[in-house]
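What follows is the residue order along each chain.
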Amino acid sequence: VKIGVPENYDGIFPWYLTKLLNLPPNHTDLVVTGDDEGIFGVDSQFLYALKPLDREKQPSYSLQVSFRTPVSRQSFTVEVCVIDKNDNVPTFIRESMRGSVQLGLLKGIPFMQVEALDRDERSSVNAELRFSLLEQMPRIPSSQMFSIDSITGEVSLTEEGASTLDPEMCGRYKLSVMVKDMAGKANAFFTTGIVIVEVTGNTWASPDPVRFQENFPGPYPIPISQVKWSGSQAEYNLEGEFPEMLFTISREGVIYLNAPLDRETQDQFLISIVVERPDGRAIAKPVELRVMVGDANDNRPTFPQAQYHTVVKELAARGTEILTVQAADNDDPKTDNVRIFYRLVGQIPESPRALFRVDRDSGVISVQADSMEGTAPQYTLTITAEDAKGDFSLNSSCTVVVTVQDENNNPPVFSQHEYGPFHIPENAPVGTTVTAVLAGDADVRGGDSWQVNYHLESGNEEEAFTLVTDKQTNEVALVLSKVLDFERESEYILVLSAQNPVALVRGRYGPASTATVSIYVDDLNEGPILSQSHYEVTVREGEEPGRVIATIRGYDPDSHPIRYSLQGDTKKYFSIGKYSGELKTVQALDREENSTYTMEVIAVDGRNSSLSASTLVTVQILDVNDNSPVLVGDYSWKYLCTPRWEDQALVLASRDSDGPQHGGRLNFSLRSDATVRHNWKLTPINDTHTNLSLNVPYLAPEVYTVPFTISDSSSPPRSTFINLPVTVCPCNVRGNCKMPVKQLQGMPTIQSAVGILLGTFTVIGTILVVVFVRLSYQNPNESVKSNQETVPLKIAI
C-alpha cells in the first residue's frame, strides 16, 4: 500500500491516515513495525500518526503491517510519502558574494553567478527560485548598469553598462539582490543579499601592425603577434579575407603565420580576432591585426605583348619617334624593385647597323639613321626590360617589327609619248578594247605610291570611251563605252594622264606622265532608223477611206532612200506610201466589228534590202453612236399576278452595241399615256436592267401591251420603242397563274364533245348486251354466280 501524507499537520491526534482495506475478515494480532520513532500505529484497520511529519527531516517511511490468520501469520508493506509544503525560506549559498567585470565586456555576457538554495522539494514549485536586482550603488554613470538572469542568477552588463563602464569613474558597485521561491509568486518566501562587483581594466586591444617580408624561407609556423583576454576563461578565433589556415591562433592567444606570403597576390591582411565563451557566445568586440607584406624583388618586368608592329616612313628624319614600349613590374611601386631600364639588343637584318635606338628610361624607339631610303622593307628589333641594378636584377624581352613604308617620291612615266593611230569600225560593240598602255612607277610595287590612276584629260567629251585599270599590273585598257557613228565623228585624239592616288613627296608631274592616243572610226553602210518604236493612232469609226491617219518617219545615216511596207494587215484595211510613209485607211472601219488593229511597218534601205528597221502601229477605232439599244430576252411565258403581289416584277434586260461612251446607262421610260403610267411602273436596277411591275393593286386578268422606250446615254441619244405583251392573271397560293384557256378556232365546243361521248357509251352498251344474251343461251341450266370477274363487269354496266 502506498499513501501520501502532507507535512506539518496541526490538527487533532491521533491523525488517522488511511484504512487498510486488504486485511482478511478473520485476521487477529494486527501489528505495525518499521517506525523507530513510534510515530505510527494501527487501530481497527486504520493507520494513524501520533505527531506531524517533516519532509525535510524524513521524506518517506516504509512500514510493515503483520497480522495472524487461522492458517499462518502474514504481512504487507505500507509506503508513506511525506508531501512537501512551502515551509523553507531560500538562502544564498555564499554569505559574501563577490565578482569582477572586465572593461570591454559585451552586454548580456555573464561575469558572475548568484546561487541560492531552498530545502523544499526540488522538483516542486516550492523550490523554484527567481532572482531579481533590487538596487545598484552607486548609480553612476547610469542607474541600470547591470542585470541579473531571473532563473540562472547570472549577472551581466546592460547595454548602457557595456557602453559606459569606466573603472576611473567607478571601480566598485554594490548590488542588492533578492531570491524568491515558488517561481516568484506574491506569497513566496524570499531572502536578500549583497553582491560586490569590482571593475577591472583589460588587456583586450588591437595589437600593433605587423610587417612581414614576402617569400620568407621559414621554418613555419612563425608567431607574429599575441592577444589576451584578461577576464574569465575565453577561446579565440580568426576571421578575415585570407586563405584557410594561413593564419591560426592558439588557446593562449598567440597568432601564427603558417606559410610564405606573396605581396603581388595580396599586399596586406586585416585579421579580425574574436574572443568567445566556451559556448560560442562573443565576450567582447573583435580586435584587428593588420599584417603588411614587405616587398622582395621577385617579379621580372613584363611587356603587355610579346610582339609589337609599327611603321616608319622611308623619308623619316633622324630622331623620329616610331613607338614606345612599356614594361610593368608587379613589385612594390614604392621601392627600386620596379625601376625599369630598356636596351636594344638585336636587329634583323643586321645591316645596315645603327638604324634605330631605344631610350634607356622611357622605352621610346626612334630613328637613328640619317635616312631610311634604300633599306630593307622590314626590320625585327629585340628590346629588353631590366629592373633594379644589382646581382638580383630580373629582365624580359619583346620584339618590335618595324615596316619601312614606301613614300611617293617617283611619278609614273609612259614608255612613249604617242600611241596609235588605232582603227575601229563604227559598228564595233560596246565593251570593245581599243588598246592597253602602261605607265611605270619606280616606287615599291603594290603600295599606294606605286598604284596609278589614269584619266582622259581631253578628247572624250562625248564619253565614248572609258578606262579600265588592272590593279595588279597598273596596265590600263581603253574600252569603247558608246556606239560609234562615223557620220557624226570620224576621229578621236585622246590625252591620257597618269598619277598616283597619293601626293608626290618630292618633285611634280611632268610631260612624261602624259600620252596621246589617236583613234580613227571606219565608215560602214547602216540601215534606216525609225523615229519611234511604236505608233499609237486613233480613227473614228465610219470615216471615209483615203484619209491619212499617220506618217511614219525614218532616216538613213548614209542618206540612202527608204521604202516602206505593211505587214500584219490581213484584211487590207490600210495602205502606206512606199516612199512617203503615209498611212491611210482603205475602207470605212466599224468599231463594233473590231476596235483595235495592230500592224508592222517595215523600212528598207533603198540600196541594200538586207538593211531594214520596223515599228509597230496600233490603230484604235473611236466609237460613234451608230447603234440603238434593244430589248434582250423572251418574256412571252412570264406573267404578273392580280391582285398585285408585293415585290413581284418582270426583269427587263437591254443591250447597246456601242461602247460605254455612247451606250453607258440605258434608260427605260413608259409612253406618255395616262392609263399606261397609271397601271404600270418601271424601276431601274442597274445600267442595263429594270423592273416592270403593276402600279395599281388590281388589274383585270388579260394580256396587256405595255409601250415603253429604251434610250442610250449619248447626246443626242438613240432610242428604241417597244410594245411588250404582258400577261396578268389570278394566282394560287404558290404563285401559279390560273388564267382560263381560250377556245382555239376550228376546235369542237363543249356540247359537241358531250354528244360524242354519249354516243360512244351507247354503242359500247349495245355490244355488251348482245354478248351476255348469247352466253345465257349457251348455258341454260347453270345458275348465275357471282365471282371476282363478273361483279365488276355488271357494276361497270
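Residues numbered from 1 in each chain as written. Predicted model: local features only at pLDDT ≥ 70, side-chain atom pairs only at ≥ 80, totals over all residues. Heavy atoms only, no water.

Our focus in this paragraph is the sheet that holds strand β51 (residues 667-670). If you trace the four strands from one edge of the open sheet to the other, you get β49-β55-β54-β51, paired in mixed fashion. Pairing within the sheet leaves two strands with one partner each, and these edge strands are β49 (639-641) and β51. Ignoring which end each strand starts from, the neighbouring axes of this sheet average 40° apart. When β51 meets strand β54 (residues 702-711), the two strands line up antiparallel, connected through four bridges. Residue Phe668 lies in a different strand from β54, and its bridge partner there is Ile710. (Pairing = 2+ DSSP bridges. Helix = DSSP H or I, 4+ residues; strand = E, 2+ residues; numbered from the N terminus. Axes fitted to C-alpha atoms, helices over the stretch in contact; angles between N-to-C directions.)

Turning next to the sheet that holds strand β5 (residues 46-49). Pairing in this open sheet of three strands is antiparallel, and the strands run β2-β5-β4 from one edge to the other. Edge strands, defined here as strands with exactly one partner in the open sheet, are β2 (15-19) and β4 (40-43). Here the average twist between neighbouring strands, direction ignored, is 30°. In this sheet, β5 lies alongside β4 in antiparallel orientation, the contact comprising four bridges. If you follow Val42 over to β5, its bridge partner there is Leu47.

Taken over all residues, the pLDDT of the chain has a mean of 87, while the share at 70 or more is 92%. Below pLDDT 50 for its whole length, residues 743-747 participates in one contact with residues either more than four positions away or in separate chains. (pLDDT = per-residue confidence, 0-100. Contact = heavy atoms within 4.5 Å.)

Before going further, it helps to spend a moment on the packing of aromatic side chains. Per the stated rule, a full pass over the model turns up 22 aromatic pairs. Taking 6.3 Å as the distance between ring centres and 55° as the angle between the ring planes, the aromatic pair formed by Phe67 and Phe76 counts as tilted. For Phe67, a relative accessible area of 3% gives the class buried. The interplanar angle of 70° and the centroid separation of 6.0 Å between the aromatic rings of Trp680 and Tyr704 together place this pair among those described as edge-to-face. Of the two residues, Trp680 is situated in strand β52 (residues 680-684) and Tyr704 in strand β54; the sequence distance between them amounts to 24 residues. For the pair Trp680 and Tyr704, a shared accessibility class is recorded, and that class is buried. (Phe/Tyr/Trp six-rings, centres within 6.5 Å; stacked < 30°, edge-to-face > 60°. Buried < 20%, exposed > 50% of the residue type's maximum accessible area, 1.4 Å probe, protein only.)

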